[in-house]
Amino acid sequence: VGVIYMVEPLIGYHNRQETLLQIVSQLRVLFQYYILGNITGAFPFVAFYLLLDRQLLMRKQAEAESQKKEAELAALKAQLNPHFLFNTLNNIYSLAVQNSPQTSFCIEKLAHILDYLLYRCNDKLVPLEKEVELLKNYLDLQKIRFGDRLVVRVDDNTDHSYKIAPLLLLPLVENMFKHGVEQNTGKTEVVVSLECFNNTLTFRTENAYNVASAQSSGIGLQNLKRQLELLYPGKHSFIITKANQFFKTNLQLSLT
């Protein structure tokens with residue numbers, strides 16, 4: 001009201017200056033020409049401020065979710081790597097105790113695996129061929145460990161130009177040995193099948209298992225399921241079947 005009292009004479013609304021009482025008593029004029037006008041003029045600025053504030057809030061929430069996701073993935077990988085290394089070192093230890101001439105070969109394979117785990121798979125996506133190489137190194141170690149009683153069949157029919165989140169395939173292969181081959185006696189066959197065309201990866205494993213020991217989904221497969229939920233939400237299918245003493249997994253990923 002004080003501002004109106006001082007400004008009206010300057011802008012020529014009246015020939016004479018109104019008193020404060022006259023200005024206050026004209027509520028309809030006051031509302032129509034001043035209050036409503038000020039509100040209307042300020043509305044775009046208020047709306048812009050609210051929109052900007054909402055965008056900043058959404059951005060902070062997205063950043064917080066991203067940081068939470070990265071932390072959880074790091075924790076899952078931290079659980080996976082020591083588990084894998086523990087099993088592999090046990091394999092090499094068994095060979096060393098037997099003074100096997102293949103010990104140095106296995107150490108070389110392990111060196112390649114460690115190099116990949118420590119330095120080559122820290123990106124969000126890695127070349128598919130590097131993941132396949134990791135699997136083959138792992139299988140070579142297992143061939144040495146189990147000797148003639150292990151038959152490994154690998155069907156690699158892929159376009160290696162694709163990229164994939166690291167360490168998603170290894171738990172499936174590792175699971176075949178931990179809950180399958182190690183629990184069986186006599187000759188055992190494991191099957192690994194990999195196809196990747198038209199932006200879709202299909203990875204299958206198959207192994208015989210001892211029904212009495214009831215192969216379970218260990219920490220590796222539990223971690224894998226969670227990683228798939230985080231990395232490929234709505235873009236993956238993971239099926240486990242047990243039939244006729246065979247344990248089978250079927251993983252499909254959309255790599256687009």
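These figures come from a predicted structure and were not determined experimentally. (Residues numbered from 1 in each chain as written. Predicted model: local features only at pLDDT ≥ 70, side-chain atom pairs only at ≥ 80, totals over all residues. Heavy atoms only, no water.)

K.L.:
Requested: an account of the sheet that holds strand β7 (residues 246–254), with residues and values cited.
P.N.:
Pairing is mixed across the open sheet formed by five strands, whose spatial order is β2-β4-β5-β7-β6. In this open sheet, the two edge strands, each paired with only one partner strand, are β2 (150–158) and β6 (236–243). Put simply, the sheet's adjacent strands are angled 5° from each other on average, direction ignored. The pairing of strand β5 (residues 200–208) with β7 spans nine bridges and is antiparallel. Looking at β7, one finds that alanine 208 is bridged to phenylalanine 246. Relative to the sheet, helix α5 (residues 128–146) contacts β2, β4 (188–197) and β5, its axis offset from that of β2 by approximately 170°. (Pairing = 2+ DSSP bridges. Helix = DSSP H or I, 4+ residues; strand = E, 2+ residues; numbered from the N terminus. Axes fitted to C-alpha atoms, helices over the stretch in contact; angles between N-to-C directions. Contact = heavy atoms within 4.5 Å.)

K.L.:
For the environment of tyrosine 138, give the residues involved together with the corresponding values.
P.N.:
Summarising the element assignment, tyrosine 138 is placed in helix α5. Distance in space between the C-alpha atoms of tyrosine 138 and cysteine 106 is 9.5 Å, their sequence separation being 32 residues.

K.L.:
Account for the packing of aromatic side chains, naming residues and giving values.
P.N.:
With the rule as written, the count across this model stands at three aromatic pairs. Where phenylalanine 146 meets phenylalanine 177, the ring centres are 6.0 Å apart and the plane angle is 25°; that geometry is what we call stacked. Taken together, the residues span a long stretch of sequence, with phenylalanine 146 in helix α5 and phenylalanine 177 in helix α6 (residues 170–178) at a distance of 31 residues. The exposure classification of phenylalanine 146 matches that of phenylalanine 177, with both residues buried. Between tyrosine 209 and phenylalanine 247, the aromatic rings sit 6.3 Å apart at their centres with planes inclined by 80°, giving edge-to-face as the arrangement. Of the two residues, tyrosine 209 sits in the loop between β5 and α7 (219–231) while phenylalanine 247 sits in strand β7, which places them 38 residues apart along the sequence. Across the pair, exposure class does not vary: tyrosine 209 and phenylalanine 247 are buried alike. (Phe/Tyr/Trp six-rings, centres within 6.5 Å; stacked < 30°, edge-to-face > 60°. Buried < 20%, exposed > 50% of the residue type's maximum accessible area, 1.4 Å probe, protein only.)

K.L.:
Describe unusual backbone geometry, and please don't skip the residues or the numbers.
P.N.:
Backbone geometry at asparagine 199 places phi at a positive 65°, although glycine is not the residue there. Summarising the element assignment, asparagine 199 is placed in the loop between β4 and β5. Positive phi is not limited to glycine here, since asparagine 244 has a value of about 55°. The topology assignment puts asparagine 244 in the loop between β6 and β7.

K.L.:
Can you lay out the side chain of threonine 202 for me, pointing to particular residues and giving the numbers?
P.N.:
Mapped onto the fold, threonine 202 is located in strand β5. In this structure the side chain of threonine 202 is engaged in a polar contact, spanning 3.4 Å, whose partner is the side chain of glutamine 252. When residues no more than four places from it in sequence are discounted, the contact partners of threonine 202 are Ser193, Leu194, Glu195, Asn250, Leu251 and Gln252. (Polar contact = N/O pair within 3.5 Å; in protein donor to acceptor, adjacent residues only side chain to side chain.)

K.L.:
Before we move on, could you go through the nonpolar core and cite the residues and values that matter?
P.N.:
Counting 47 residues, the largest nonpolar core has Ile164, Val173, Phe177, Leu201, Phe203 and Leu253 as its most contacted members. Those elements that place two or more of their residues in this core are α3 (27–97), α4 (103–120), α5, α6, β4, β5, α7 and β7. For this core, the element with the most residues is α5, which contributes nine residues. Setting aside chain neighbours within four positions, we find phenylalanine 177 in contact with Tyr138, Leu139, Gln142, Phe146, Leu150, Glu182 and Val190. (Core = buried A, V, L, I, M, F, W, Y, C linked by side-chain atoms within 4.5 Å.)

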